[in-house]
Amino acid sequence: MRIVVKLGTSTLTHATGKLNIRRVELLCKVMSDLKNAGHELILVSSGAIAMGVGKLNMTRKPSDIPTKQALAAVGQCELMYIYDKLFSEYHHTVAQVLLTGADVEDQHRCMNFQNTLFRLLELGVLPVINENDTVATAEIAVGDNDTLGAIAAVNARADLLVLMSDIEGLYTADPRRDPQAALIPEVRALTPELLALAGDAGSDLGTGGMVTKLRAAGMCMEAGCDMIITNGTRPEDLYRIAEGERVGTRFYGGRQ
Ligand code: GLU
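Now for a quick tour of the structure. Positions within a chain are numbered from 1, following the residues in the order the chain's sequence is written. Whole-chain, interface and lining totals are the exception, using all residues; otherwise, since this is a predicted model, local features are given only for residues with pLDDT of at least 70 and side-chain atom pairs are given and counted only at 80 or more. Values shown for side chains rest on all heavy atoms present in the structure; no hydrogens or waters enter the calculation.

As for the overall build of the protein
The following threshold applies: A run of H or I in DSSP counts as a helix once it spans at least four residues, and a run of E counts as a strand once it spans at least two, with each numbered from the N terminus. The atom set for the radius of gyration is the C-alpha atoms, and the globule formula is 2.2 Å times the number of residues raised to the power 0.38. Residue contacts are defined here by distance: any two heavy atoms, one from each residue, within 4.5 Å place the two residues in contact. For the area figures, the Shrake-Rupley method with a 1.4 Å probe applies, and any residue is considered shielded solely by the protein chains shown. We score Asp and Glu as negative and Lys and Arg as positive, and we do not count His or the chain ends. For charged residues, the charge sits on one atom: NZ in Lys, CZ in Arg, CG in Asp, CD in Glu.
Regarding its fold elements, the protein presents ten helices and eight strands. Taken over C-alpha atoms, the radius of gyration comes to 17 Å for the protein, in line with the 18 Å a tight globule of 256 residues would show. Taking the contacts inside the protein whose residues are at least 6 apart along the sequence as the reference set, 73% of them involve residues at least 24 apart. As presented, the protein carries roughly 11,900 Å² of accessible surface, and 51% of it is formed by carbon and sulfur atoms. Here the protein contributes 25 positive and 31 negative side-chain charges, whose respective centroids are spaced 3 Å apart.

Structural notes on the side chain of K6
This is how it is decided: Definition of a polar contact: a pair of N or O atoms within 3.5 Å, with one able to donate and the other able to accept a hydrogen when the atoms are protein atoms, and with sequence-neighbouring residues admitted only if both atoms are side-chain atoms.
Along the chain, K6 falls in strand β1 (residues 2-7). Only 2.9 Å separates the side chain of K6 from the side chain of D146, close enough to count as a polar contact. The residues touching K6, leaving out its near neighbours within four places in the chain, are V44, S46, N145, D146, L161, V162, L163 and M164.

Notes on the site of the ligand
Let me state the cut-off plainly: Any residue with a heavy atom lying within 4 Å of a molecule or strand is counted as near it. Any residue outside Ala, Val, Leu, Ile, Met, Phe, Trp, Tyr, Cys, Pro, Asp, Glu, Lys and Arg is labelled polar, Gly included; the first ten of those are nonpolar and the last four are charged.
Of all residues adjacent to the ligand, which total ten residues, the nearest are A48, I49, N130, D133 and N145. S46 places a side-chain nitrogen or oxygen 3.1 Å from an oxygen atom of the ligand. Take A48: an N or O atom from its main chain is 2.9 Å from an oxygen atom of the ligand. Relative to its unbound accessible area of 300 Å², the ligand is 94% covered by the protein chains. Class assignment for the residues of the shell around the ligand results in two nonpolar, six polar and two charged.

A closer look at the packing of aromatic side chains
Applicable threshold: Think of it this way: a Phe, Tyr or Trp ring, Trp meaning its six-membered ring, pairs with another when their centres are within 6.5 Å, and the plane angle makes it stacked under 30 degrees, edge-to-face over 60, tilted otherwise. Type-normalised accessible area, obtained with a 1.4 Å probe on protein chains alone, sets the label of each residue: buried when under 20%, exposed when over 50%, and partly exposed for intermediate values. Each ring is checked for a lysine NZ or an arginine CZ that lies within 6 Å of its centre and within 35 degrees of its normal; such an atom marks a charge sitting over the ring.
Counted under the stated rule, the structure contains one aromatic pair. Summarising the aromatic geometry, the rings of Y83 and F87 are spaced 6.2 Å apart at their centres and angled 35 degrees between planes, so their arrangement reads as tilted. Here Y83 pairs with F87, and both are found in helix α4 (residues 65-89), just four residues apart, close to one helical turn. On the basis of relative accessibility, which here comes to 1%, the residue Y83 falls in the buried class. Residue F87 is classed as buried on the basis of its relative accessible area, which comes to 0%. Above the ring of Y252, the side-chain terminus of R188 is found at 3.9 Å from the ring centroid.

Observations concerning helix α2 (residues 21-36)
Quick reminder: α-helices carry 3.6 residues per turn. Residues three or four places apart thus point the same way. Convention followed: By definition here, a helix of n residues has an expected span of 1.5 Å times n minus one.
Relative to the 22 Å expected for 16 residues at 1.5 Å per residue, α2 spans 22 Å between its end C-alpha atoms, a close match to the ideal helical length. Looking at α2, one finds that the buried residues are R23, V24, L27, C28, V30, M31, S32, L34 and K35. Following α2 by one or two positions, G38 has its phi on the positive side, about 110 degrees.

Examining unusual backbone geometry
Backbone geometry places H91, a non-glycine residue, at a positive phi of 65 degrees. One can find H91 in the loop between α4 and β3 (94-99). A relative accessible area of 73% means that H91 is categorised as exposed. Look at R157: it is not a glycine, yet its phi comes out positive at around 50 degrees. Summarising the element assignment, R157 is placed in the loop between α7 (145-155) and β5 (160-165). The class of R157 is exposed, set by a relative accessible area of 52%.

Here is the structure:
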């Protein structure tokens, strides 16, 4: 299977913005093992801005764009350093791919992206994708990594996109407010009722929420790719997902 795994900021870092070492080590180990088992993996990783916050010992995410962009530049280095170090332990090679919305909207640039992605996979390399936050202002940005994950999955012709964040999946109501809220295990069509279930609150350090996740689901399903929303606190769930077990909420794109 060709699987795109998107890791949200809340999965990768503690609330301080510093790396969640135990979690990230386990994620890299499981992904390395899945590669060893013959799956092709692409990682879409958030966390650049949060890692910049942590590295420069700031207390919270700034709101002005130049500081966020500067922090992304600092944090992206740190992120890639960590991925390179951890995946190298299992003899896997990573490649950094930074994109903006303008890159994927332009047919020629998008094709270059796709060609590079395919070649990296042929070479057995694990592409690590993030938005090029240092140059991406609102007009040209994808804006959130759930959408970026879907862009990666569609362009890579992946079988599956897994969004790992701080929520188990899509619920019938907001589980933080409504104790009756129930997890929806599978979705075969994005109906207006379903779209209305998305609140908008993301985490403090990340960008996305359920709205961006459902948008990503729509893009994947249209391209025939399945998508799963699951909690990133259990990296080993990736094994269960690869084995076709039911985890989180699965959106069926119809390819499998
Ligand atoms: N590109 C952002 C970062 O690396 C994250 C965007 C998102 O979480 O959706 O900090």
